[in-house]
Amino acid sequence: MRERYKAWLEATHGALFELHRHYARQLFESDLITSADDLRRVVITCLAGVASIGFIVPKLYYKKYQYLALGPDTDLYRRAVYSDQLFFVVMTMLGIAALVTFRWDSLFPNREDYLILRPLPLKLSQIYFAKLTTLSALSFLVIGLLAVPCAFSFASVISGNHDLAPAWLEMAAQVMAAFCSGIFVVFALALLQVLLMNCVPLRWYARVSVSAQSLLLVAILCAIPWALDLPNAISWVDFRPAWSVYAPPLWYFSLYEKLLGRADAYDSLLAARGAVASLCVVAGTILVSAIAHQRYARRIFESEVQTRRSRFKAIEWIAERMSRDSRESAILLFTLRSLDRMKQHRMIRLVYAGVGCALVLESGIGVILSGALNKGLIHRGAALDAVFALPLMLFFFLFTGLRYAFRIPADLRANWLFRLAAQNAISERRRAVRLIYLGFALLPAMAATAPFLLVAMAPWRGVYGIAFAGLIGFLIIEHELENSDTIPLTCSYLPGKRNILHTGIIYWFVVFVITTVLTALEAIGGANPVRATLVTALLAVLVWRGRRTATIDAPALRFDDLPEPAVATLGLAGE
C-alpha cells in the first residue's frame, strides 16, 4: 500500500492538485533545510507538536476542576469554564494570526510564481486562488489539530456534577467556536492584504505591506502575555461592556455559549455578529479577489520591474560617513542592505523584537496597574526593580535577534568578495558590527524606555537607570565582538548545533539574571546620587578598559561553519 501510494503521488493529478502540492511544499521550504527527508521531518514534528497540546490540557486543568467540583458553588464552576473557553478562543485566534502573518508573503502569488507558472496551460485565477487556498488549508489543519484534541481533553476534565452540557455538545461547541474564529482571522488578514494590493499606490505597496506585517506580528506577540491571564478572569467573564460589540474574541465565545444553549439575548447578538463576520470576510475576500486578481498580476510585474530604492538611504549615508575606510564601509553597507532585503532575517528580528516589546509592555503596564505610581515617584521595592529592568530586557531581545540573524548567511556564496578583499579585516569588522549593534539594538532600547524611566522615577535616578543600562549593553556588545570571528551574513550555517531545550534554558537564565541580579545591583547603586555617580563611573572605566585591551591577536575571520569533531584532541593533535 505504501509503494502504491508513493506511485500515485508521483503521477500527475490535474492542474489544481499540482498547484496545491507545489505551494504546500513552498510553504515549508528554507535554505536551512537541504533535503526532502529533512523537510518532511520538520513538517511532521511541527504538526505533531501542535496536536500534542491537547494531551497537556488534562494535566493543567484536572486539579483545578477536581477542587471546584467538590464545592457547592455551581456558578463559580460555570465562570471558571467560561474563562478557560475564552482563553482557548483567544489563543486560537492569536496562533492562527501569527501563522498567517509569519507567512504573509505566501497568501498570494509573487512575481516568481507568475514567471514560472504562467507559460503553462494555467489561468491566472487558478494560480491566484491555489496559493490562497493552500495557506488557508494549512491554517484549518492547524486549527483542527489544536482544537479537536483540546476539546476532547477539556470536555473529559470538566464532566461531572457541575458540567454545563453533555460532553459531545461541549466538544462540538468548542470546536465550532475555534473554527469560526480561525476562519475569521485567516480571511480578515487575506482581505486586508487584498485591499492593500488594490488601494495603495504601486510605489508604496511594498513598504506598506512590510510595515503592516511588522506591526501585526509585534501586536500579536504583545497580546500573548495578556491572553495568558484570561483563565483568571472568573470575576468579570460575565460582563459585556459596550466595546464588546467590536471585540471578535467575545463574538466567538458567545457563539460557544449559544451552541451550549446558555446565551442570553445580548450574547446571542454577539454570536450572530461573529457568524456574519466570518461569512462576510470569506465572501469579501473571494469577491474582491475574483474582480482584481488580473490587475494584481499586472501590478506585481510593474512593481518588481521598477528599480528598487533602498529604504535606508539616510541610514546608509550616515554609515558611510562614520566608516573609517572602504572595507569597514563595505561590511557595514552589505549588512544593512542584506538585513533590509532578506525576508527571513527580517522575520527573525521581528519575532525577537516582538517578544521583547511584549515583556516590556507587560512589565510597564503591571507597574502602572499595581498602583505604584499613585503615591508619586517610585523610590524602592519591586516596582523600582521592574522599571530598572525595562531597558536591559528590551536591549537583550533586540541584540539577540540581530546576533541570530547575523549567523544565517544571506546566500551560501555571499562571502566570496570578502574572502578576496577582506580576509584580514578584523578591526574593520569589529567597528562595523559595533555600529550596527549600537544603532539597531542599544539606542532603540534606550530611546523606547527612557521616557517611562524619567516619568516613573526621580530625574537623577532615571538618568542613572538609562546610563547603567547603556553601559551594561555596551559591555555585552564588546564581549560578543571578542567572542565572534565572522562577518555578519557571510558564514555558512549548520543548523541543529544546540538542542532547543538547552537554548530555552539559556534564554531563561539570561532573562532571570537581567530582571533580578542586575536590577538588584542597579537598585543598590541608585540608592542616592553619590552612589549612582560612583557606579556609573566604575562601569564607564570598565567599558574604556575593555576598548583599550581589546584582543589584538584575534583569530582570522571564519567563513565556513564546521561541525564539531567526532573526537576532541584537547590541543594534542600535533604531538
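Not measured: the values here are computed from a predicted model.

### Some thoughts on the overall build of the chain
Helix and strand counts for the chain come out as 20 helices and zero strands. Taking all 575 residues of the chain together, 44% fall into the buried category. For the chain, the share of sequence-separated contacts (at least 6 apart) that also reach a separation of at least 24 residues comes to 83%. Of the roughly 30500 Å² that the chain leaves accessible, carbon and sulfur atoms contribute 67%.

### Topic: the layout of surface pockets
Considered as a void within the structure, the second largest pocket measures approximately 880 Å³ in volume. Lining of the second largest pocket is provided by 20 residues; of these, Tyr5, Leu9, Arg21, Arg25 and Arg40 occupy positions nearest its centre. Ranked by residues supplied to the lining of the second largest pocket, first place goes to helix α2 (residues 15-28) with seven residues.

### Regarding unusual backbone geometry
Even without glycine at this site, Leu489 takes up a positive phi of about 70°. Along the chain, the position of Leu489 falls in the loop between α18 (459-482) and α19 (500-525). The class for Leu489 is buried, based on a relative accessible area of 0%.

### Observations concerning the packing of aromatic side chains
If you walk through the whole model with that rule in mind, you get 27 aromatic pairs. For the ring pair Phe88 and Phe154, a centre distance of 5.2 Å and an interplane angle of 85° mean the geometry is edge-to-face. Of this pair, Phe88 sits in helix α5 (residues 74-102) while Phe154 sits in helix α7 (residues 124-158), placing them 66 residues apart in sequence. In this structure Phe88 comes out as buried when scored by relative accessible area, which is 12%. Aromatic side chains Phe396 and Phe397 sit 5.1 Å apart centroid to centroid with 75° between the ring planes, which places their arrangement in the edge-to-face category. A residue is classified by how much of its surface remains accessible, and Phe396, at 12% relative accessible area, is buried. Pairwise contacts between aromatic rings join Tyr61, Tyr65, Tyr77, Phe87, Phe88 and Phe154 into one cluster.

### Regarding the pattern of salt bridges
Enumeration according to the criterion identifies 16 salt bridges in this entry. Between Lys131 and Asp113 there is a salt bridge whose closest N-O contact spans 2.7 Å. Of this pair, Lys131 sits in helix α7 while Asp113 sits in helix α6 (residues 111-117), and the two are 18 residues apart along the sequence. Of the residues examined, Lys131 reaches a relative accessible area of 4% and is grouped as buried. The exposure class of Asp113 is buried, given its relative accessible area of 3%. In this structure, Arg240 and Asp267 form a salt bridge, with 2.8 Å as the shortest nitrogen-oxygen distance. Of the two residues, Arg240 sits in the loop between α9 (202-227) and α10 (248-260) while Asp267 sits in helix α11 (residues 265-305), which places them 27 residues apart along the sequence. Judged on exposure class, the residue Arg240 and its partner Asp267 are both buried. Via salt bridges that share partners, Asp75, Arg78, Arg79 and Asp238 belong to a single interconnected network.

### A look at a nonpolar patch on the surface
Taken together, the side chains of Trp508, Phe509, Phe512, Val517, Leu521 and Ile524 make up a nonpolar region of the molecular surface, amounting to roughly 640 Å² of accessible area. Note on placement: Ile524 falls in helix α19. On the basis of relative accessibility, which here comes to 51%, the residue Ile524 falls in the exposed class.

### Digging into the confidence of the model for the chain
Across the chain, the average pLDDT comes to 83, with 89% of residues at or above 70. The lowest-confidence element of the chain is helix α3 (residues 36-51), averaging 74 in pLDDT; the highest-confidence one is α10, averaging 93. Here residues 305-310 is a poorly scored stretch, pLDDT under 50, and it has seven contacts once near neighbours within four places are set aside; other chains count.

### Thoughts on the environment of Phe512
Among the structural elements, Phe512 can be located in helix α19. Sequence separation between Phe512 and Met393 is 119 residues, and the spatial gap between their C-alpha atoms is 9.9 Å.

### With respect to α2
Spanning 14 residues, α2 covers 21 Å between terminal C-alpha atoms, matching the ideal 20 Å at 1.5 Å per step. Those residues of α2 that sit buried are Leu19, Tyr23 and Leu27. The arc that holds every buried residue of α2, seen down its axis, measures 75°, which confines them to one face. Buried positions along α2 lie against α6 and α7.

### Remarks on the packing of helix α14 (residues 343-369) against helix α15 (residues 382-407)
It is the contact of α14 with α15, at a shortest axis distance of 8 Å, that shows an interaxial angle of 175°. Relative to α15, the element α14 lies roughly antiparallel. For the contact of α14 with α15, the residue count by class is 19 nonpolar, six polar and one charged.

### Focus on the nonpolar core
Judged by nonpolar contacts, the single largest core of 80 residues is most densely connected at Tyr65, Phe108, Tyr252 and Tyr256. Beyond its immediate sequence surroundings of up to four residues, Tyr65 is in contact with Tyr77, Ala80, Val81, Asp84, Phe154, Val157 and Ile158.

### Describing the side chain of Glu170
Mapping Glu170 onto the fold places it in helix α8 (residues 167-199). Lacking a salt bridge, the buried Glu170 has Arg262 as its closest oppositely charged neighbour, with an N-O distance of 7.2 Å.

### A closer look at the packing of α5 against α9
The contact between α5 and α9 brings their axes to 10 Å, and the two run at 155°. The angle between the axes of α5 and α9 places the two elements in the roughly antiparallel class. For the crossing formed where α5 meets α9, the hand is left-handed. Contacts from Phe87, Val90, Met91, Leu94, Ala97, Ala98, Thr101 and Phe102 of α5 reach α9 at Gln213, Leu216, Leu217, Ile220, Ala223, Ile224, Trp226 and Ala227. Considering only residue class, the contact of α5 with α9 consists of 14 nonpolar, two polar and no charged.

Parameters and conventions
- Residues numbered from 1 in each chain as written.
- Predicted model: local features only at pLDDT ≥ 70, side-chain atom pairs only at ≥ 80, totals over all residues.
- Heavy atoms only, no water.
- Helix = DSSP H or I, 4+ residues; strand = E, 2+ residues; numbered from the N terminus.
- Buried < 20%, exposed > 50% of the residue type's maximum accessible area, 1.4 Å probe, protein only.
- Contact = heavy atoms within 4.5 Å.
- Areas by Shrake-Rupley, 256 points an atom, 1.4 Å probe, with all protein chains shown as cover.
- 1 Å grid on protein atoms, 1.4 Å probe; cavity = no way out; pocket = protein on both sides within 12 Å on 5 of 7 lines; lining within 4 Å.
- Points joined across faces, edges and corners; volume = space filled by probe spheres on them.
- Phe/Tyr/Trp six-rings, centres within 6.5 Å; stacked < 30°, edge-to-face > 60°.
- Salt bridge = Lys/Arg side-chain N within 4 Å of Asp/Glu carboxyl O.
- Patch = residues over 30% accessible without salt bridge, like charges linked within 9 Å, V, L, I, M, F, W, Y side chains within 5 Å.
- pLDDT = per-residue confidence, 0-100.
- Expected span 1.5 Å × (residues − 1).
- Arc of directions from axis to C-beta.
- Axes fitted to C-alpha atoms, helices over the stretch in contact; angles between N-to-C directions.
- Parallel < 35°, antiparallel > 145°, perpendicular 65-115°, else oblique.
- Nonpolar A, V, L, I, M, F, W, Y, C, P; charged D, E, K, R; others polar.
- Core = buried A, V, L, I, M, F, W, Y, C linked by side-chain atoms within 4.5 Å.
- Lys, Arg positive; Asp, Glu negative; His and termini not counted.
- Left-handed = near helix turned anticlockwise from the far one by under 90°.

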